[in-house]
Amino acid sequence: MIASISDVDKDKIFGIMQLQASYANCIDEDRLEEWPAYFLEKCNYMVTNAENYAAHMEAGVIWADSRAMLADRVSALREANIYESHSYRHILGIPQVRRLSESGGIHTETPFTVIRVTNGAQTELFATGKYVDLIEYADEQPMFSQRLVVCDSNTIDTLIAFPI
């Protein structure tokens, strides 16, 4: 059941849109060290594909259950992994409020497209899909309690190590 937009304060809707845009900008501007701060300390982040999502399979290509795990992921990307220099550009749709949680959080779905540019290569479509989120509030600031990245394609790129 889709919640009525009137069920959610318009300031909260604006805050959710700002959270989404700021999150994407953080990744696009390669400020990955800031990325975990968009999540509550206890959170869930998973990247999966549409087929697994539809089948309610809980396995993901990337999975983390805390902000500390997300910070570790960034450290590994910066210090341990070797990859060709590249950048991303997120294009986001408007978040749709799906339902309200009993705890006062808001379940949303937001369509996305991610484009990747590698040095010396053409711009290419990296991923499309939707974010399935539970957004909760800490000190009146919206933060991700859960972010499920559902990619449309079953083919997973080797650079999926970066956050989407």
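Participant: I'd love a proper account of unusual backbone geometry, names of residues and values included.
Facilitator: Backbone geometry at Asp30 places phi at a positive 60 degrees, although glycine is not the residue there. Note that Asp30 resides in the loop between α1 (10-28) and β1 (39-49). We classify Asp30 as partly exposed; its relative accessible area is 42%. At His56, a residue that is not glycine, the phi angle is positive and equals roughly 60 degrees. Of note, His56 is situated in the loop between α2 (50-54) and β2 (62-64). For His56, a relative accessible area of 69% translates into the label exposed.

Participant: Explain helix α3 (residues 67-79) to me, and be specific about the residues and the numbers.
Facilitator: For α3, built from 13 residues, the straight-helix expectation of 18 Å at 1.5 Å per residue is met to within 8% by its first-to-last C-alpha distance of 18 Å. Among the residues making up α3, those that are buried are Leu70, Val74 and Leu77. Along the long axis of α3, the arc covered by the buried residues comes to 60 degrees, so they all point the same way. Exposed residues lying more than 90 degrees from the buried face of α3 are Asp72 and Glu79. On its buried face, α3 is in contact with β1 and β2.

Procedures and definitions
Residues numbered from 1 in each chain as written. Predicted model: local features only at pLDDT ≥ 70, side-chain atom pairs only at ≥ 80, totals over all residues. Heavy atoms only, no water. Helix = DSSP H or I, 4+ residues; strand = E, 2+ residues; numbered from the N terminus. Buried < 20%, exposed > 50% of the residue type's maximum accessible area, 1.4 Å probe, protein only. Expected span 1.5 Å × (residues − 1). Arc of directions from axis to C-beta. Contact = heavy atoms within 4.5 Å.

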